[in-house]
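# A structural walkthrough
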Amino acid sequence: MISLKTKEEIELLRENNLLVSATLAEVGKHIRPGITTLELDQIAEAFIRSHGAVPGFLGYGGFPNTLCISVNENVVHGIPSDYALREGDIVSVDCGTVMKGFYGDSAYTFAVGKIDPEVQRLLDVTKEALYKGVAQAKAGNRVGDISAAVQEHAEKNGFSVVRELVGHGLGRKMHEDPEVPNYGARGRGPLLKEGMVICIEPMINMGAKQVVFEGDGWTVRTRDRKPSAHFEFAVAIGREADVLTDFGIIENAINA
Ligand code: MG
Ligand code: MG
């Protein structure tokens, strides 16, 4: 069942997703060679709690931390650890909050120092694919219009789309209907209606699309161990897409 949100509920979802954006900006400021992913997790948890919210992922399905941190060939759901970031890594940081009864959920993939130009292209194309999907996220379209836009942009640039993990509705629960795949056909899938709030989150691989679920019960990585990128927006559906996440504050923080 797809729930439609009131204007007031959408503002609470916006508050959450702006806090997630601010948290990702705070994490982004600290990303440099030598910092461990667990240190980044602690920074995020303190930041979220100091703003009166609770980390949305901590304890969710038994997840042990505040952030999902997935480096290089890890696609999503990586567990923070004592791994110290290295120059040339890319690091996907996925963050959730709960505040006033609603969830926030957004993700950004950061470069650590200077990265390979082809890896930079993967980051650029994945973010562009997200924006192409967002442009389709309006009332009267269907979920498949978003899916097809994301897939086409990734594949025409020579990259591949992960199939096993998808975007989702967002609200009083972190994962609501509908599913929002990053592959599919235009004109198919659930109709988008004003008041729906969804997360669009392309997971794009430099090599083949296949992934492996690691033995820790969480981490998803590419089977060929080539890099993967992940960007996620929460979006309210209206006559146009109303993006509840703000990458501007993240990019101002990392370019400062
Ligand atoms: Mg997420
Ligand atoms: Mg999500």
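Structure shown above.
Residues numbered from 1 in each chain as written. Chains lettered and ligands numbered in written order. Predicted model: local features only at pLDDT ≥ 70, side-chain atom pairs only at ≥ 80, totals over all residues. Heavy atoms only, no water.

### A closer look at the coordination of the magnesium ion (ligand 1)
For clarity, the cut-off: Metal donors: N, O and S atoms at distances within 2.8 Å, or within 3.2 Å for Na, K and Ca, with water omitted from the atom set so that some sites may seem incomplete.
Only Asp94 (OD), Asp94 (OD), Asp105 (OD) and Glu232 (OE) from the protein coordinate the magnesium ion (ligand 1), and they sit 2.0 to 2.5 Å from it. Look at where the donors of the magnesium ion (ligand 1) fall in the sequence and you get D-x10-D-x126-E.

### Re the coordination of the magnesium ion (ligand 2)
To keep things clear, this is the line we draw: Numbering of helices and strands runs from the N terminus, with a helix taken as a DSSP run of H or I at least four residues long and a strand as a DSSP run of E at least two residues long. For each residue, the accessible area found with a 1.4 Å probe, counting protein chains only, is set against the maximum for its type, and the residue is called buried under 20%, exposed over 50%, and partly exposed in between.
Protein ligation of the magnesium ion (ligand 2) involves Asp105 (OD), His168 (NE2), Glu201 (OE) and Glu232 (OE), the donor distances falling in the range 2.1 to 2.2 Å. In this structure, the magnesium ion (ligand 2) lies 3.1 Å away from the magnesium ion (ligand 1), the two metals sharing Asp105 as a donor. Placement of His168 in strand 7 (residues 167-169) and of Glu201 in the loop between strand 9 (197-200) and strand 10 (203-205) is noted, with a sequence separation of 33 residues between them. Glu201 carries the same exposure label as His168, and that label is buried.

### So, the pattern of salt bridges
The condition that has to hold: Only one rule defines a salt bridge in this text: a Lys or Arg side-chain nitrogen within 4 Å of an Asp or Glu carboxyl oxygen.
Applying the stated criterion across every chain yields a total of 12 salt bridges. As a salt-bridge pair, Glu118 and Arg121 come within 3.0 Å of each other at their nearest N and O atoms. Here the residue Glu118 and the residue Arg121 both occupy positions in helix 3 (residues 117-135), the gap between them amounting to 3 residues, near one helical turn. In this structure Glu118 comes out as partly exposed when scored by relative accessible area, which is 32%. Since its relative accessible area comes to 31%, Arg121 is described here as partly exposed. Put simply, Arg221 and Glu214 hold a salt bridge, and the shortest N to O gap is 2.8 Å.

### Describing the nonpolar core
Rules: Nonpolar core, defined: a set of buried Ala, Val, Leu, Ile, Met, Phe, Trp, Tyr and Cys residues in which side-chain atoms within 4.5 Å join the residues together. Whether two residues are in contact is decided by their heavy atoms, any of which lying within 4.5 Å being enough.
In terms of nonpolar packing, the biggest core is built from 52 residues, with Ile31, Leu85, Val91, Val93, Ile198 and Ile200 touching the most fellow members. Discounting residues that sit within four places of it in the chain, Ile200 has contacts with Leu130, Gly133, Val134, Ala137, Ile146, Phe231, Glu232, Phe233 and Val235. Among the nonpolar cores identified, the runner-up in size contains 14 residues, and Leu13, Phe63, Met174 and Ala234 belong to it.

### Topic: the sheet that holds strand 11 (residues 211-213)
Applied cut-off: The criterion for strand pairing is that DSSP finds at least two bridges linking the strands in question. In this analysis, axes come from line fits to C-alpha atoms, helices being fitted only over the stretch in contact, and the angle between any two N-to-C directions falls in the range 0 to 180 degrees.
Across the sheet, 3 strands lie side by side as 3-12-11; this open sheet has antiparallel pairing. Of all strands in the sheet, those bounded by a partner on one side alone are strand 3 (74-76) and strand 11. Across this sheet, the average inter-strand angle for adjacent strands is 40 degrees, counted without regard to direction. The sheet contact formed by strand 11 and strand 12 (residues 220-222) spans 3 bridges and is antiparallel. Residue pairing for strand 12: Val212 is matched across the bridge by Arg221.

### Comments concerning unusual backbone geometry
In this structure, the amide linkage connecting Asp177 to the following residue, Pro178, adopts the cis form with an omega of 0 degrees. Positionally, Pro178 belongs in strand 8 (residues 176-180). Its identity as a non-glycine residue notwithstanding, His77 has a phi of 65 degrees, on the positive side. Among the secondary structure elements, His77 is positioned in the loop between strand 3 and strand 4 (90-99). Using a relative accessible area of 25% as the deciding quantity, one classes His77 as partly exposed. One non-glycine residue, Arg225, adopts positive backbone phi at about 65 degrees. On the secondary structure map, Arg225 appears in the loop between strand 12 and strand 13 (228-230).

### Structural notes on the sheet that holds strand 14 (residues 233-237)
The strand order across the open sheet formed by 5 strands is 8-7-9-14-15, and the pairing between neighbours is antiparallel. Of all the strands in the sheet, the pair left with one neighbour each is strand 8 and strand 15 (241-243). Neighbouring strand axes in the sheet, compared pairwise and without regard to direction, differ in orientation by 30 degrees on average. Pairing analysis gives 2 bridges linking strand 7 to strand 9, with the strands arranged antiparallel. Residue pairing for strand 9: His168 is matched across the bridge by Cys199.

Keep in mind these values describe shape, not function.
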